[in-house]
Amino acid sequence: MTLAQIGRLTEEEARQHIENLYWPDGPVCPHCGNKDKIYTLTGKAHREGLYKCAACRKQFTVTVGTVMHRSHLTCKEWLIVFHLMTSSKKGMSALQIKRELGKTSYQSAWFLCHRIRAAMELMGVLQGTVEVDETYVGGKKTGRWSQGRSEKKTPVLAMIERDGRAYSRKIPDATKDTLHRAIKETVLPDSRIMTDEWKSYGGIGKHFEGGHQTVCHSRGEYARGDVNTNSAEAYFALLKRGVHGTFHHVSKKHLGRYCHEFSFRWSFRKVTDAERCDSVIANMGGKRLTYSKLTEEVL
């Protein structure tokens, strides 16, 4: 569904569209997981889209237990923001979302964007030929520098399947133990690893059947046959353009969710904007994010 089509929906049609994506096989109780005996509550005393579970006797709507839980926005407004965030290649700032909605505060728009980023977190493992690279985001260009690395910035690790999915995450440092642990947690053992010459990647090949191959950027080598990290570098180019050009500043505390956002769009880059939007709505369950949790969590 395009943005123009969303704009023509009634609130009832928007709710039904979200229900069809989130519950493709019919309503499921978020309280007990029952799907067999779910009743639709009708009548003047009940709002549209209210259901009751025959097993636990609790009431619910499609928003309960999802990133939409206890939101004051309409389903149509949620659809609009879902579409804007999944279709904007370099992201969309909370200030722009505030202007698009026209009635919410910046604080509410910022919270809304982080809730959707929580739904963008993809689980699973990578396989095949996987390019691995690290970069540093934020901070100022001060302190000690070595091959583009700085103690003043936040390290981010990206693992990109060749012509496939992406997974990036904030990491505490770029030491051998940290990088090896992160790669082994995310990539299947029968895969092939490609990196640059950074010394912390040394020895990672013994954990993967396809081995480990490198290119030496310090000598001007960026590809040797099919050995390269070009996809990982292209991913980082998008991430940094989003950080500097769209968000202008991303705190270390919340950087991980921005990584989820850019990884999601990269992983679904070959589908239409509508299909990408549908995918994040289908993935929104069990990822409720409260404002207190968002603002109180540690770095």
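In the block above lies the structure referred to throughout.
S.K.: When you look at the sheet that holds strand β9 (residues 192-195) in this model, what are you seeing that I'm missing?
M.R.: Backbone-to-backbone hydrogen bonds join strands into a sheet, with any given pair of strands oriented parallel or antiparallel. Strand order across the open sheet formed by five strands is β8-β7-β4-β9-β10, with mixed pairing between neighbours. Looking at which strands have only one partner, the edges of the open sheet turn out to be β8 (166-170) and β10 (212-214). If you compare each strand with its neighbour and ignore which way they point, the axes differ by 20° on average. Pairing analysis gives eight bridges linking strand β4 (residues 129-137) to strand β7 (residues 154-161), with the strands arranged antiparallel. Bridge pairing in β7 links Val 137 to Thr 154. Seen against the sheet, helix α6 (residues 176-186) touches β4, β7, β8 and β9 and runs at an angle of roughly 35° to β7. Across the sheet, helix α7 (residues 230-247) touches β4, β7 and β8, and the angle it forms with β4 is around 30°.

S.K.: Just checking my understanding: could you explain helix α9 (residues 273-282) for this structure?
M.R.: Along an α-helix, residues three or four apart share an orientation, since each turn contains 3.6 residues. Those residues of α9 that sit buried are Ala 274, Arg 276, Cys 277, Val 280 and Ile 281. Buried positions in α9, seen along its axis, are confined to an arc of 165° and lie on one side of it. Buried residues along α9 sit in contact with α2 (11-22), α3 (75-87), α5 (106-119) and α8 (255-267).

S.K.: Help me understand the pattern of salt bridges in this model?
M.R.: A side chain with one charge can pair with a side chain of the opposite charge if their charged atoms come near. This structure, assessed with the given rule, holds eleven salt bridges. In this structure, Arg 117 engages Glu 261 in a salt bridge whose closest nitrogen and oxygen atoms are separated by 2.6 Å. Of this pair, Arg 117 sits in helix α5 while Glu 261 sits in helix α8, and the two are 144 residues apart along the sequence. A salt bridge links Glu 261 to Arg 265; the shortest N-O distance between them is 2.7 Å.

S.K.: Looking at this structure, I do not really get the sheet that holds strand β1 (residues 38-40). What am I missing?
M.R.: A sheet is described by the order of its strands in space; here three strands give the open sequence β1-β2-β3, paired in antiparallel fashion. The open sheet has two edge strands with one neighbour each: β1 and β3 (59-60). Pairing of β1 with strand β2 (residues 51-53), which is carried by three bridges, proceeds in the antiparallel orientation. Bridging across to β2, Tyr 39 finds its partner in Lys 52.

S.K.: Got a minute to help me understand the environment of Pro 155 in this structure?
M.R.: Looking at the secondary structure, you find Pro 155 in strand β7. When its relative accessible area of 6% is taken as the criterion, Pro 155 is described as buried. Each C-alpha atom, one on Pro 155 and one on Leu 255, is 10.0 Å from the other, the two residues being 100 residues apart in sequence. Those residues in contact with Pro 155 that lie beyond four places of it in its chain are Thr 135, Tyr 136, Arg 169, Lys 170, Ile 171, Pro 172 and Asp 173.

S.K.: Hey, could you run me through unusual backbone geometry in this one?
M.R.: Glycine aside, a negative phi is what most residues show, and trans is what most peptide bonds show. The phi dihedral of Arg 70 falls on the positive side, at around 55°, and the residue is not glycine. Mapped onto the elements of the fold, Arg 70 is located in the loop between β3 and α3. Taking the relative accessible area as the measure of exposure, Arg 70 reaches 68% and is therefore exposed.

S.K.: Please clarify how the packing of aromatic side chains should be interpreted in this entry.
M.R.: Any aromatic ring pair is given by two values, namely how distant the centres are and how the planes are angled relative to each other. Tallying each qualifying case throughout the model produces twelve aromatic pairs. Look at Tyr 51 and Phe 60: their rings are 5.8 Å apart centre to centre, the planes differ by 25°, and that puts the pair in the stacked class. One exposure class covers both Tyr 51 and Phe 60, and it is buried. Feature note: the residues Tyr 22, Trp 23, Tyr 51 and Phe 60 constitute an aromatic cluster, connected by ring pairs. Directly above the aromatic system of Phe 262 lies the positively charged group of Arg 265, at a separation of 4.7 Å from the ring centroid.

Definitions and limits used
Residues numbered from 1 in each chain as written. Predicted model: local features only at pLDDT ≥ 70, side-chain atom pairs only at ≥ 80, totals over all residues. Heavy atoms only, no water. Pairing = 2+ DSSP bridges. Helix = DSSP H or I, 4+ residues; strand = E, 2+ residues; numbered from the N terminus. Axes fitted to C-alpha atoms, helices over the stretch in contact; angles between N-to-C directions. Contact = heavy atoms within 4.5 Å. Buried < 20%, exposed > 50% of the residue type's maximum accessible area, 1.4 Å probe, protein only. Arc of directions from axis to C-beta. Salt bridge = Lys/Arg side-chain N within 4 Å of Asp/Glu carboxyl O. Phe/Tyr/Trp six-rings, centres within 6.5 Å; stacked < 30°, edge-to-face > 60°. Lys NZ or Arg CZ within 6 Å of the ring centre and 35° of its normal.

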